[in-house]
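So the chains spell out like this:
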Amino acid sequence: CITCRAIEKYSQEVVDSLVASGIPADELTFKVVDINENEAMADSYEVTGSSLYLVKFDNGQETRDDLTELGFGNAKNKPDVFKQGLTDRIETALK
């Protein structure tokens, strides 16, 4: 869908920008997961369709931040709002 492609594009741009600004690439990655090819992950995240999650791993602990609403509410028509919101959430998670 158009919105899905916008979310993917702008998410990658945000991650690339943050890595370029000095965040180590091994601390921040962007991954697209096809839930049809990875049903175990889909089940784990309880998703059945397009979603956006910020996942943090810290000392063996995983925390998930569901950003689907931020993405679908903004990426297509308000990309700057989406990118700033995503940047803010990532920066907060990395603290």
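Asker: What should I look at first to understand the pattern of salt bridges in this one?
Answerer: Side chains carrying opposite charge are able to pair once their charged atoms draw close together. Per the stated rule, a full pass over the model turns up three salt bridges. Close ionic contact of Glu13 with Lys83 constitutes a salt bridge, the shortest N to O distance being 3.3 Å. A residue pair is termed long-range when its members are at least 10 positions apart, and Glu13 in helix H1 (residues 2–20) and Lys83 in helix H4 (residues 79–93) qualify at 70 residues. According to the relative accessible area criterion, Glu13 is partly exposed, its value standing at 33%. Taking the shortest distance from any N to any O, the salt bridge between Glu62 and Arg64 comes out at 2.9 Å. Here Glu62 falls in the partly exposed class, since its relative accessible area comes to 33%. Its relative accessible area of 37% is what places Arg64 among the partly exposed residues.

Asker: Any chance you could explain the packing of H1 against H4 here in plain terms?
Answerer: Axes are the key here: two packed helices are described by the angle between their axes and the distance separating the axes. It is the contact of H1 with H4, at a shortest axis distance of 10 Å, that shows an interaxial angle of 50 degrees. With respect to H4, the element H1 is oriented oblique. Here H1 and H4 pass one another in a crossing that is right-handed. Seen from H1, the contacting residues are Ile7, Tyr10, Ser11, Glu13, Val14, Val15 and Leu18; seen from H4, they are Pro79, Phe82, Lys83, Leu86, Thr87, Ile90 and Glu91. Class assignment of the residues belonging to the contact of H1 with H4 gives a composition of nine nonpolar, two polar and three charged.

Asker: Which parts of the structure should I look at to understand the pairing of strand S2 (residues 61–66)?
Answerer: Two faces make up the sheet, and in a regular strand the side chains alternate between them. Pairing of strand S1 (residues 53–58) with S2 involves six bridges; the strand directions are antiparallel. Bridge pairing in S2 places Leu54 opposite Asp65. The hairpin formed by S1 and S2 contains two residues between the paired strands, and Asn59 there has a positive phi angle of roughly 50 degrees.

Asker: Can you help me understand H1 in this one?
Answerer: Residues three or four positions apart in an α-helix share a direction because the helix packs 3.6 residues into each turn. Taking 1.5 Å per residue as the helical rise, H1 with its 19 residues ought to reach 27 Å, and the 27 Å between its terminal C-alpha atoms agrees with that figure. Within the sequence span of H1, burial applies to Thr3, Ala6, Ile7, Tyr10, Ser11, Val14, Val15 and Leu18. Seen along its axis, H1 keeps its buried residues to an arc of 155 degrees; they face one direction. Seen from the open side of H1, the exposed residues pointing more than 90 degrees away from its buried face are Ile2, Arg5 and Ala20. Positive phi appears at Gly22, one or two residues downstream of H1, with a value of about 125 degrees.

Rules used throughout
Starting from 1, residues in each chain are numbered consecutively following that chain's sequence as written. Owing to the predicted nature of the model, reporting of local features is limited to residues with pLDDT of at least 70; listing and counting of side-chain atom pairs is limited to 80 or more, with chain, interface and lining totals taken over all residues. Excluding hydrogens and water, the side-chain figures rest on all heavy atoms present in the structure. By definition here, a salt bridge exists when the distance from a side-chain nitrogen of Lys or Arg to a carboxyl oxygen of Asp or Glu is within 4 Å. Strands here mean DSSP runs of E at least two residues long; helices mean DSSP runs of H or I at least four residues long; both are numbered from the N terminus. Three labels apply to residues, based on accessible area from a 1.4 Å probe with only protein chains included: buried if under 20% of the type maximum, exposed if over 50%, partly exposed otherwise in between. In this analysis, axes come from line fits to C-alpha atoms, helices being fitted only over the stretch in contact, and the angle between any two N-to-C directions falls in the range 0 to 180 degrees. By the definition adopted for this analysis, an angle is roughly parallel if under 35 degrees, roughly antiparallel if over 145, roughly perpendicular if from 65 to 115, and oblique otherwise. In this scheme the crossing of two helices becomes right-handed for a clockwise turn of the near helix relative to the far one and left-handed for an anticlockwise turn of less than a right angle. Whether two residues are in contact is decided by their heavy atoms, any of which lying within 4.5 Å being enough. Amino acids are sorted into nonpolar (Ala, Val, Leu, Ile, Met, Phe, Trp, Tyr, Cys and Pro), charged (Asp, Glu, Lys and Arg) and polar (every other residue, Gly among them). At least two bridges found by DSSP between two strands is the condition for calling them paired. The span one expects for a helix is its residue count, reduced by one, times 1.5 Å. Throughout, the arc means the angular range of directions from the helix axis out to the C-beta atoms.

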